[in-house]
Amino acid sequence: MKVIRKNIGTALDEMYEQLERRIRIEAERNIRIEAFEGGSFSSVNWEPDAVVISLHNGVPTRALPHVFGVALQHVRQRLDLYPAVVRPPGPDSPVAGLVRSVLRELILAPEAELQLARLELDTEWETEQRHAGLKEMLRDVDAEWDQEGSPSSAFAALQYAHFSLTHPAELWESLREQVREKLPAASERGEQVLARVREHGWKTPGACLESLVAVRDELGLQQVAVIEDRRSGKLL
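The rules behind the values
Residues numbered from 1 in each chain as written. Predicted model: local features only at pLDDT ≥ 70, side-chain atom pairs only at ≥ 80, totals over all residues. Heavy atoms only, no water. Salt bridge = Lys/Arg side-chain N within 4 Å of Asp/Glu carboxyl O. Buried < 20%, exposed > 50% of the residue type's maximum accessible area, 1.4 Å probe, protein only. Pairing = 2+ DSSP bridges. Helix = DSSP H or I, 4+ residues; strand = E, 2+ residues; numbered from the N terminus. Phe/Tyr/Trp six-rings, centres within 6.5 Å; stacked < 30°, edge-to-face > 60°. Lys NZ or Arg CZ within 6 Å of the ring centre and 35° of its normal.

Enquirer: Hey, could you go over the pattern of salt bridges for me, with residue numbers and the actual values?
Expert: Applying the stated criterion across every chain, the model contains 20 salt bridges. Among the ionic pairs, Asp-92 bridges to Arg-100, the shortest N-O distance being 2.7 Å. Judged by its relative accessible area of 34%, Asp-92 falls in the partly exposed class. Sharing partners across several salt bridges, the network here consists of Arg-22, Glu-26, Arg-76, Asp-80 and Glu-111.

This is how it looks when you write it as structure tokens:
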């Protein structure tokens, strides 16, 4: 199939057809795929008449199947009533938005990868980009990033846990030492976050909900992130 005018082969054809049918029947929407320029590889927006999957125009063709596959899995997660991380009422900040984003990805990204694993899609380019991005972040950190209770420290702890779970072990080993050297307190909190995630996992909507709430509470982020149980509509 072709997306954003690039031929990505046939690996995702069946998955796309199944989800396109589910979106049409269960969500009464169409699916639309667009190119965009932004700070992420992809995004998914649920509009009144369509589910819009935006794919970064700069992603090379060899990496696009995996990027698109992850976006499709996030659509499937919503259809399957996996939990959401939402903004609470009141004042907000750009850092708070980043914290919610990485909290969501910490749990829902590994679940998406679990569904994609059998396809053996190329992830090398994404891994390189994330590796370089974390190294660049470490060069720019200041004292607040390691200050217990700050949103920046929570973001760093969540990133530590996320990389621990998803980054190739041979690359993470040396990078982890750099994080620990620059951000010792945030790294320790990251280990505590990891323990909460491993306690609950992410294989079912219920497990993801428990993990999200446990991690949110471990870092004291109740004023930053609300967890929505889509199965019941409750906000936690």
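Enquirer: Which residues make up the sheet that holds strand S6 (residues 84-86), and what are the values?
Expert: Strand order in the open sheet formed by three strands is S6-S7-S8, with antiparallel pairing between adjacent strands. A strand with exactly one partner marks an edge of an open sheet, and here the two such strands are S6 and strand S8 (234-235). With three bridges joining them, S6 and strand S7 (residues 226-229) adopt antiparallel strand pairing. Along S7, the bridge assignment pairs Ala-84 with Glu-228.

Enquirer: Talk me through the packing of aromatic side chains; I want residue IDs and the actual numbers.
Expert: All told, the structure shown has five aromatic pairs when counted by the stated rule. An angle of 70° between the planes, with centres 5.8 Å apart, marks the rings of Trp-145 and Phe-155 as edge-to-face. Pair noted here: Trp-145 is in the loop between helix H4 (124-140) and helix H5 (151-166) and Phe-155 is in helix H5, with a separation of ten residues, a long-range link. Geometrically, the ring pair formed by Tyr-160 and Trp-172 is edge-to-face, given 5.5 Å between the ring centres and 75° between the ring planes. Pair noted here: Tyr-160 is in helix H5 and Trp-172 is in helix H6 (residues 169-182), with a separation of twelve residues, a long-range link. Among the aromatic residues, those joined into a cluster by ring pairs are Tyr-160, Phe-163 and Trp-172. Lying across the ring of Trp-46, Arg-78 places its NZ or CZ 4.3 Å from the centre.

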